[in-house]
Amino acid sequence: MGGVTRIAVLSDIHSNLEALEAVAAALGDAGTDGAYVCGDLVGYGADPEAVVARLQDLPLLSVVAGNHDLAVVGRFPVGWFNAAAAAAVRWTAERLPTEGREYLLGLEPLERARDGLLVHGSVVAPAEEYLPPGHDAAAARSFDRRGFERCFFGHTHVPTVFERTPEGVVRSRLVVGDERVELDSGRRYMLNAGSVGQPRDGDPRAAFLVYDTEERVAEWHRVAYAVEVAQERIRAAGLPAILADRLALGY
Ligand code: ZN
C-alpha cells in the first residue's frame, strides 16, 4: 500500500452497477493502484447489493458514507429527502442483505485518508452540505475547519475544483469532460470527483477522478456506459420513473 501513487476517487455510485462496471474497467487503462470512495454507494439505482459487493473487488484504501448510505441504515432522517429519493432509500433498506448493511454501518461521512481528507458533502457538515461550483464562501468555511492540504468530496454530482491561495482567497470552477489539473504546492484544494452513477452536469457519462500523488496532478475521466440497461433495471424494480429518466440527461 505504501507504493500506491495513482488513486482513483469514486463518488455517488448510487446502486448503478452498469456505471460502476464501466468505471472499474477504465481504472486499468488509467493505471490506478488504489481507490477512495466519497460516499453514496447506494440509493436511486436498482443494484445496491451488487454495487457494494463489486466495490470490494477494487483496491479500496478509504471509504466514507454518504447521506443515502446513512439513511438506508437508519442513521440519517429519511424526511430530509425529496419524495423520489426517500422512496429509493426505503426500497434499498428492504433489499440490502446483512453483509451490505453491516458494511454501510461501519462507514462515517468523514475520514482522514493517507493522501487527503475524505468527506461526502463538506468538511463543515460532511453528510449534508452541498458545495457546488461558485459556493466559494461556504467552501472557505470548510477550508477553515481543519488542517488539510487536499480534500476529496462528492454529494453534488458535479466535478468541481475549489482552491485556496496562501492569501486565503477561495476560487472554484466546474470541470468539463476529461481534464488534467496540476496542483500548486502552495495552495489547498477541495476536489469533487463527480458522480459514477448519476451525473448532474449535463454529461450522462460516468465520472471519476485520478489523483497522482507523485506528479501532484488531478485527472478527471468520463466513461460511457449502458445507460439504457441501468434505466431498465430501475423501471423493472418499480422505483420512481424520474430516477431512470434523469440518467439519460445527466441530470
Ligand atoms: Zn449522491
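So, how was this worked out
Residues numbered from 1 in each chain as written. Predicted model: local features only at pLDDT ≥ 70, side-chain atom pairs only at ≥ 80, totals over all residues. Heavy atoms only, no water. Axes fitted to C-alpha atoms, helices over the stretch in contact; angles between N-to-C directions. Helix = DSSP H or I, 4+ residues; strand = E, 2+ residues; numbered from the N terminus. Parallel < 35°, antiparallel > 145°, perpendicular 65-115°, else oblique. Left-handed = near helix turned anticlockwise from the far one by under 90°. Contact = heavy atoms within 4.5 Å. Nonpolar A, V, L, I, M, F, W, Y, C, P; charged D, E, K, R; others polar. Phe/Tyr/Trp six-rings, centres within 6.5 Å; stacked < 30°, edge-to-face > 60°. Buried < 20%, exposed > 50% of the residue type's maximum accessible area, 1.4 Å probe, protein only. Lys NZ or Arg CZ within 6 Å of the ring centre and 35° of its normal. Pairing = 2+ DSSP bridges. 1 Å grid on protein atoms, 1.4 Å probe; cavity = no way out; pocket = protein on both sides within 12 Å on 5 of 7 lines; lining within 4 Å. Points joined across faces, edges and corners; volume = space filled by probe spheres on them.

A. Quick peek at the packing of helix H1 (residues 17–29) against helix H2 (residues 48–55). Two numbers describe how H1 lies on H2: the axes approach to 9 Å, and their chain directions differ by 15°. Between H1 and H2, the angle is such that the two are roughly parallel. In the crossing of H1 with H2, the sense of the turn from one axis to the other is left-handed. Facing H1, whose interface residues are Leu17, Leu20, Glu21 and Ala24, H2 presents Ala50, Val51, Arg54 and Leu55. A breakdown of the residues in the contact of H1 with H2 according to their chemical character gives six nonpolar, no polar and two charged.

B. Layout of the packing of aromatic side chains. For the structure on display, the rule yields eight aromatic pairs. Taking 5.9 Å as the distance between ring centres and 50° as the angle between the ring planes, the aromatic pair formed by Tyr36 and Phe152 counts as tilted. A residue pair is termed long-range when its members are at least 10 positions apart, and Tyr36 in strand S2 (residues 34–37) and Phe152 in strand S6 (residues 150–153) qualify at 116 residues. Phe152 shares its class with Tyr36; the two are buried. Relative to Trp80, the ring of Phe76 lies with its centre 5.2 Å away and its plane at 75°, an arrangement referred to as edge-to-face. By relative accessible area, which is 7% here, Phe76 ends up buried. For Trp80, a relative accessible area of 36% puts it in the partly exposed group. Among the aromatic residues, those joined into a cluster by ring pairs are Phe76, Trp80, Phe81 and Tyr130. Here the basic side chain of Arg188 rests over the ring of Phe148, its NZ or CZ set 4.7 Å away from the ring centre. Over the ring of Tyr251 we find Arg246, and its NZ or CZ is 6.0 Å from the ring centre.

C. Quick look at the sheet that holds strand S1 (residues 6–10). The six strands lie next to each other as S3-S2-S1-S11-S12-S9, forming an open sheet whose pairing is mixed. The sheet terminates laterally at strand S3 (60–63) and strand S9 (180–182), the two strands that pair on one side only. Averaged over neighbouring strand pairs, the angle between their axes works out to 20° when direction is ignored. Bridging between S9 and strand S12 (residues 217–223) involves three bridges; their strand directions are antiparallel. Bridging from a neighbouring strand, Glu182 pairs with Val217 of S12. H1 rests against S1, strand S11 (206–212) and S12 of the sheet, and its axis sits at about 30° to S11.

D. Representation of the environment of Gly197. When you line up the elements, Gly197 lands in the loop between strand S10 (188–192) and S11. Residue classification places Gly197 among the buried positions, given a relative accessible area of 3%. Put simply, Gly197 and Gly250 are 53 residues apart on the chain and 9.7 Å apart in space, counted from C-alpha to C-alpha. Apart from residues lying up to four places away in sequence, Gly197 is in contact with Asp12, Ile13, Asn16, Ala19, Tyr225 and Leu247.

E. Structural detail: empty space enclosed by the protein. Enumeration according to the criterion identifies one cavity of 30 Å³ or more in this entry. Of the voids in this model, the largest cavity is the one considered here, and its volume is about 70 Å³. Lining the largest cavity we find 16 residues, and of these Ser15, Asn16, Gly45, Ile234 and Leu247 sit closest to its centre. Elements that contribute at least two residues to the lining of the largest cavity include exactly H1, helix H7 (227–237) and helix H8 (241–249). With three residues, the single largest contributor to the lining of the largest cavity is H7. For the lining of the largest cavity, the residue count by class is seven nonpolar, six polar and three charged.

That's the geometry; what it means functionally is another story.
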